[in-house]
Every structure is written in structure tokens, then in C-alpha cells.
Amino acid sequence: MMDKQAKIYVAGHRGLVGSAIWNNLLAKGYTNLVGRTHTELDLLDAAAVRRFFDEERPAYVVLAAAYVGGIMANSRYRADFIYRNLGIQQNVIGESFRHDVRKLLFLGSTCIYPRDVPQPMREDALLTAPLEYTNEPYAIAKIAGLKMCESFNLQYGTNYIAVMPTNLYGPNDNFDLERSHVLPAMIRKIHLARCLHEGRMDDVRADLVRRPVEQVDARTASDEELLALLAKYGIAPDAVTLWGTGTPLREFLWSEEMADACVYIMEHVDFADLKGSDPDVRNCHINIGTGHEITIGDLARLIVRTVGYGGRLAFDATKPDGTLRKLTDVSKLHALGWHHRIEIDEGVDRIYRWYTNASAEASTGASQ
């Protein structure tokens, strides 16, 4: 068990993953939490990261900070995905070692597995075949982080645990139309399409003020300009068009459940529990997921029903699908004692209510 008074640094504590872990730690009685926004601490700045560790000297570290995005962002910003993630990992893991951190949790993603890996994906499938091309830079960075943790453990006896969550969604998600993951992107697209379909242009404008797209100022742009902007992302009054064929299968985990799994692992699991008896120690990471999957098309139709959109749903088959199936084998996680509880239909309802409530609160605050 972790000392509840010891200092815990959560890197990326404002993001989807980090905020969920932060809140879970607070709920479980951990009171000495430390976080820094990107403005306060640029994790790509090695000197700044060293100063932070010199000053704060955390006993535990959760490395949830990362440069992330969906298939569109992965295709457009390949250099950013590998460069930024490698830099963040190098600095935080390196300073954790230099400052004798008792335990570190490194968060990656199940995109580390090969494109055509047997399903469901076991931890030992890592590095057995080529990666999916569209997210190769991000996956390589996360594999490097995983191997850095494993290698420090083997050489120096540290206790760094790497976990690979499946697709996550939940409070504080990223709904940026260019950079978000598939589920929050669909939530926002279908919500905006519903507003257009029902003639609620003021609600569309308020949404785009809260979360700007392509730096367009929705407060001054004309209705025609906003309609043209949204059309670029497949959002129109009569139809929503999504990338790909809709046939790929995906697994989704509610972010607050992922956080619960992470804190459980921090409290109950050590590297010694994971390395096994093989002298060639590898694949000590842990998949975090549900073991359940849904097609992108069925997910989109579930969101349409949840949002109450009355227009047409279409798919652009000229755009890439990405990996056709990504189901995690969670038998190791189950054997360690943790299971999920929230299924996708309940989760979609939760995230849509969170999105609309957050938007309403922002509108109220802006009017006061």
C-alpha cells in the first residue's frame, strides 16, 4: 500500500487521464497531491523538470501527461507525436530515477500492439509484427516509455509499472475536432449536427466559442462561415459524415474506471509481481480495458440515439479506417483483482450529459 501522506506527482493532472486519477486518489484519502499545468511546467524542458523534482521531491509519480489525438491528428502531426512524447517520458522518468521515486506508473495505450495481432491482444504480442501506420510514431514513443520503465527496473531495481489502457472517454475529454479521439469527436459532431438540424444556431455558435475550431472566432464569424467550417468536418444540418467505413471494432473504457484500475495497481502491484520466471524478462506491462467491443458504426448509431439527432448518418469510405480490430486481453488485470463495471451504453449517456452540462455552465458563466 502507498503512504497516504506521501507526496504524489500526477503529470498531466488536468487531462482526461490525469484528472480522473487525481480525483480517484483524493477520494481514497491521498491528500498530498502535486500537479502543474503546461504553463507552469513544460515537461519538454529538461532543466525545468529537474528544478521541479529538486523542489518537490515526490515519493510517487503518475506519468499521465502525453501528446495524444485521433486518426486525423496522428496522420497530420507525426513528428509532434513521436518527438513530444519521447521528450516528456525521458524527462519525467529520468528525474524520477535521479530523485529516488518509490514507485512510478507510466500510462501508454493499446495502440502499441501490431496492426494484425491475434485478438484479443495479449501483453506478449508486443513487437511481434508491424504497427498500424497511421499511429506508428505515437506507438513507438509509448513502446520506448514502457521499455524504459522495464529496463530501469531490471538494471537498478526500481518499481516502475507500465499500463496500457484501451480507448478512453469521460469527463475532461478532448473534443477538438482535429485532434480528439473517435468517441468524443463523434459526440461533438453529432451534437452540433443536431443543433443545426433543429435550427439552433445560437447553440452552435456558443459551442464553437467554448471550443474553437481552426482558430475561427465564432463570436464574429457569420452563420455562413460557421456552416462552411463545420462542413469541412462532415457536420451539416441534414447529415453527419464520419471517417472510414464504420466497420472497425473498438473497445472503450470509462476514464474514471481506468483511474480506479491505475490506483489499484499503484496500491497492490509491484514489478516483482509481473516479471515472471523467464530469464528474458519482457512484457511486464498490464492491459487495462473491458474485454468488450463495438463497431464504429454501431457506436455512432448509439450516439445518434443518445443525442437525439434526427438527420442522416453517413461514412466516407475514402478515409482510412485504421486498425480493423483492437480488443484487449484483460486476463492479467483480472488475475490481479480488478474488473470494470460501466458498459458502453451507460458511458455514452454519461459523457453526453457531461458535455452538455459543461457547455451550459460555460455559457452561464460567460453571461454573468
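Residues numbered from 1 in each chain as written. Predicted model: local features only at pLDDT ≥ 70, side-chain atom pairs only at ≥ 80, totals over all residues. Heavy atoms only, no water.

Describing the pairing of strand β1 (residues 8-11)
Worth spelling out the cut-off: Each residue's exposure class comes from its accessible area (1.4 Å probe, protein chains only) as a fraction of the maximum for that residue type: buried when under 20%, exposed when over 50%, partly exposed otherwise. Numbering of helices and strands starts at the N terminus; helices are DSSP runs of H or I of at least 4 residues and strands are runs of E of at least 2. Paired strands, in this sense, are two strands between which DSSP finds at least two bridges. A crossover gets the label right-handed when its path from the first strand over the helix to the second runs clockwise, viewed with the strands pointing away from the viewer.
Along β1, one buried face is formed by I8 and V10 and the opposite face, lined by Y9 and A11, is buried too. Examined bridge by bridge, β1 and strand β2 (residues 33-34) share two bridges and lie parallel to one another. Directly across from I8, in β2, lies its bridge partner L33. Read from β1 through helix α1 (residues 16-27) to β2, the crossover connection turns out right-handed. Here β1 runs beside strand β3 (residues 60-63); their pairing, made up of four bridges, is parallel. In the strand pairing of β3, A11 is matched with L63.

Brief notes about the pattern of salt bridges
Cut-off, in case you're wondering: Basic side-chain nitrogens of Lys or Arg form a salt bridge, by our definition, when they fall within 4 Å of a carboxyl oxygen of Asp or Glu.
In this structure the tally under the stated criterion is 24 salt bridges. Notably, a salt bridge pairs R50 with E95, separated by 3.0 Å at the nearest N-O pair. In this pair, R50 is assigned in helix α2 (residues 46-56) and E95 in helix α4 (residues 78-98), connecting sequence segments 45 residues apart. The residue R76 makes a salt bridge to E178 at a minimum N-O spacing of 3.0 Å. Of this pair, R76 sits in helix α3 (residues 71-76) while E178 is found in the loop between β6 (167-169) and α6 (182-197), placing the two residues 102 residues apart along the sequence. Here R76 falls in the partly exposed class, since its relative accessible area comes to 48%. For E178, a relative accessible area of 14% gives the class buried.

Remarks on the sheet that holds strand β11 (residues 294-295)
Spatial ordering of the open sheet is given by β11-β8-β13, a layout of three strands whose pairing is mixed. Each edge of the open sheet carries a strand with a single partner, namely β11 and β13 (325-326). Relative to β11, strand β8 (residues 249-250) is paired through two bridges, and the arrangement is antiparallel. Within the sheet, the bridge partner assigned to L249 lies in β11 and is T295.

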